[in-house]
Amino acid sequence: MAVNIAIVRQAITGGIGTTTNVTSPGFGTCKAVIAIATSAETSDSIDLASAPSIGWFDGVRNRNTSARAVHNVGTSITSRYYNEGVLATQPNTGGTGSVNTVRANSFVTDGVEVEVLAKSSDPIITFILLGGDDLTNVYSDTFTLASGVGTVDVTAPGFEPDLVLTCGMGEATLGGVATAVFSVGACVNDGSNTQRGMTYYSQSGATTTNVRAELSATSAIVHNANSGSFAKSNINTFDASGFSITSTEDGGGRRGGYLALKFSPGTNVNVFSTTIPTSGDYSETGPGFTPDIGMLFNVAGPTVYDSSVNSNTSAVGMSIFSATEIGSASTSDQDASGTSNAREVISPSLRLLDRFGADAVTSTGYSMTASGWDFTLTTNPAASLLGFGVAIGAGAS
């Protein structure tokens, strides 16, 4: 396989300062790590909490964004956190700090060494190890959007990326604040700058409906401010130093993280819209080739792209998989239901929650195909579940 991937699901135990090697025997040299997580400590058990987290490490720099919604409170308690020094975390209930925080220190044989920086429980983290000869360059850092409408150049990578992943929580400062915001996006350097993004927002201190979500088919960066307004920014103009980001709506100087990836010539990379159907199995042809690596990102609520949904519920799903291994993390958040209803699950299968915390999607298995992937579903969503996918695969030899 041209780009190597291994998925390791592991609870990081031990107190503050404990180091652990997260490895896959025989994997070889690791060049990047992506981590998806919730605060769930038991696999395939729906817990009464909501704490989505995504982060990455390039061998030097960690970047992470996370959010939190507290279960069973009459007035919502939500928070968010963006951190430049950790791989996986959850905000504390007030957004003033983080808990269950893990930092990647360095690559080791067949994986990565991680260290516990803060601890209140032992959540399972899904680590995605990336390597292989055809992954030729990796860089992780922070972007800062324009203050208003405008364009900023991101030159820190020092190479022209083929794929950029983004994350953020809608703030111009580092650290945590009240009100949950969780954003993820991707852009492929395909000549058209094809990109997709999603965001989820949940106001803290609300007793009435104020949960919002949006999916974008045009912007990799969809940030929310405390007001719940959506600000879109597009990745464009790839060049030998990196790329630029144009804020078509007020960027507000907001920060976020990115992971820039470069592959050998001929490697297939695609970013595309996805729909998981209300009946039957889920067959995806968006990649247009046989993937070595697949990623699915979903947010429940939107029924069309680039139109925000303001309701009292939403759910986030993240799934990353190879031909033989998969890890999923999903969370839901419901306000204005007497008391708040927050749920989460982490799974070694495709398992996604609906907006009310029940299973929306479950699967007994999957396979890569000549044009994408097929998942055998045992639970289908009540309404079509929109999202976006990322696929990476070897080119013709």
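The following paragraphs examine the structure supplied in this document.

Scoring rules and cut-offs
Residues numbered from 1 in each chain as written. Predicted model: local features only at pLDDT ≥ 70, side-chain atom pairs only at ≥ 80, totals over all residues. Heavy atoms only, no water. Helix = DSSP H or I, 4+ residues; strand = E, 2+ residues; numbered from the N terminus. Rg over C-alpha atoms; globule rule 2.2 N^0.38 Å. Areas by Shrake-Rupley, 256 points an atom, 1.4 Å probe, with all protein chains shown as cover. Lys, Arg positive; Asp, Glu negative; His and termini not counted. Charge placed at Lys NZ, Arg CZ, Asp CG, Glu CD. Buried < 20%, exposed > 50% of the residue type's maximum accessible area, 1.4 Å probe, protein only. Pairing = 2+ DSSP bridges. Phe/Tyr/Trp six-rings, centres within 6.5 Å; stacked < 30°, edge-to-face > 60°. Salt bridge = Lys/Arg side-chain N within 4 Å of Asp/Glu carboxyl O. Axes fitted to C-alpha atoms, helices over the stretch in contact; angles between N-to-C directions. Polar contact = N/O pair within 3.5 Å; in protein donor to acceptor, adjacent residues only side chain to side chain. Contact = heavy atoms within 4.5 Å. Core = buried A, V, L, I, M, F, W, Y, C linked by side-chain atoms within 4.5 Å.

## With respect to the overall build of the protein chain
Looking only at helices and strands, the protein chain features zero helices and 32 strands. The C-alpha atoms of the protein chain give 19 Å as radius of gyration, which agrees with the globular expectation for 397 residues (21 Å, within 12%). Seen through its C-alpha atoms, the protein chain measures out along the principal axes to roughly 60 × 50 × 45 Å. Here the protein chain has roughly 12,600 Å² of accessible surface; of this, 45% comes from carbon and sulfur atoms. Taking the average place of the 17 positive charges on the side chains of the protein chain and the average place of its 32 negative ones, the gap between the two points comes to 6 Å.

## Let's talk about the pairing of strand 2 (residues 19-23)
Burial along strand 2 is one-sided: the residues Thr20 and Val22 are buried and none of Thr19, Asn21 and Thr23 is. As judged from the five bridges shared by strand 2 and strand 9 (residues 111-118), these two strands associate in the antiparallel manner. If you follow Thr20 over to strand 9, its bridge partner there is Val114.

## A word on the packing of aromatic side chains
Considering all chains together, one arrives at 10 aromatic pairs under this definition. With a centroid separation of 5.8 Å and an interplanar angle of 50°, the aromatic rings of Phe272 and Trp373 are classed as tilted. Placement of the pair is Phe272 in strand 22 (residues 268-276) and Trp373 in strand 31 (residues 373-379), with a sequence separation of 101 residues. Of the residues examined, Phe272 reaches a relative accessible area of 6% and is grouped as buried. Residue classification places Trp373 among the buried positions, given a relative accessible area of 0%. With a centroid separation of 6.0 Å and an interplanar angle of 15°, the aromatic rings of Tyr282 and Phe375 are classed as stacked. Taken as a pair, Tyr282 in strand 23 (residues 282-284) and Phe375 in strand 31 lie far apart in primary sequence, 93 residues in all.

## Focus: the pattern of salt bridges
Inspection of every chain in the model, using the stated rule, returns 10 salt bridges. Asp58 is paired through a salt bridge with Arg61; the nearest N and O atoms lie 2.8 Å apart. Residue classification places Asp58 among the buried positions, given a relative accessible area of 10%. A salt bridge links Arg255 to Glu84; its shortest N-O distance comes to 4.0 Å. Note that Arg255 is positioned in strand 21 (residues 255-263) and Glu84 in the loop between strand 6 (78-83) and strand 7 (88-91), a separation of 171 residues in sequence. Linked by salt bridges that have partners in common, Asp44, Arg351 and Asp359 make up one network.

## With respect to the sheet that holds strand 30 (residues 359-368)
Spatially, the four strands line up as an open sheet ordered 23-31-30-29, and their pairing is antiparallel. With one partner strand each, in any of the chains shown, strand 23 and strand 29 (351-353) form the two edges of the open sheet. Between one strand axis and the next, the sheet turns through 25° on average, direction left out of account. Bridge analysis of strand 30 against strand 31 gives six bridges, and the strand direction is antiparallel. Across the sheet, the residue bridging to Ser367 is Asp374, located in strand 31.

## So, the sheet that holds strand 28 (residues 341-347)
Ordered by their spatial adjacency, six strands build an open sheet running 22-32-24-26-27-28, and the pairing between neighbours is antiparallel. Looking at strand neighbours, the two that pair on one side only are strand 22 and strand 28, the edges of this open sheet. Strand after strand, the sheet turns through a mean of 10° between neighbouring axes, direction not considered. Summarising the sheet, strand 24 (residues 293-300) and strand 26 (residues 313-321) pair through seven bridges and their orientation is antiparallel. Note on strand 26: the bridge partner recorded for Met295 is Ile320.

## Thoughts on the pairing of strand 24
Counting buried residues in strand 24 gives eight out of eight residues, a clear majority hidden from the surface. Because side chains alternate across strand 24, one face comprises the buried residues Ile293, Met295, Phe297 and Val299, and the other comprises Gly294, Leu296, Asn298 and Ala300, equally buried. Bridge count between strand 24 and strand 32 (residues 385-393): six bridges; the pairing is antiparallel. Opposite Met295, over in strand 32, you have Val390 as the bridge partner.

## Description of the environment of Met295
The topology assignment puts Met295 in strand 24. Sequence separation between Met295 and Thr248 is 47 residues; the distance between their C-alpha atoms is 27 Å.

## Some details on the side chain of Arg63
Among the secondary structure elements, Arg63 is positioned in strand 5 (residues 62-69). Side chain to side chain, Arg63 and Thr142 meet in a polar contact 2.9 Å long. Leaving out residues up to four positions away in the same chain, Arg63 has contacts with Ile54, Gly55, Trp56, Tyr82, Asn83, Glu84, Val86, Ser140, Asp141, Thr142 and Gly257.

## Some thoughts on the nonpolar core
Ranked by size, the top nonpolar core spans 49 residues in total, and within it Ile34, Ile54, Leu163, Leu165, Tyr200, Phe297 and Val390 carry the most contacts. The greatest single-element share of this core, amounting to six residues, is contributed by strand 15 (residues 180-188). Setting aside residues up to four positions removed in sequence, Ile54 forms contacts with Ile34, Ala35, Ile36, Arg63, Asn64, Thr65, Leu87, Cys167, Phe182, Val184, Phe297 and Met318. Ala6, Val22, Cys30 and Ala88 belong to the second-largest nonpolar core, a separate cluster that totals 20 residues.

These results come straight from atomic positions and should not be treated as a statement about function.
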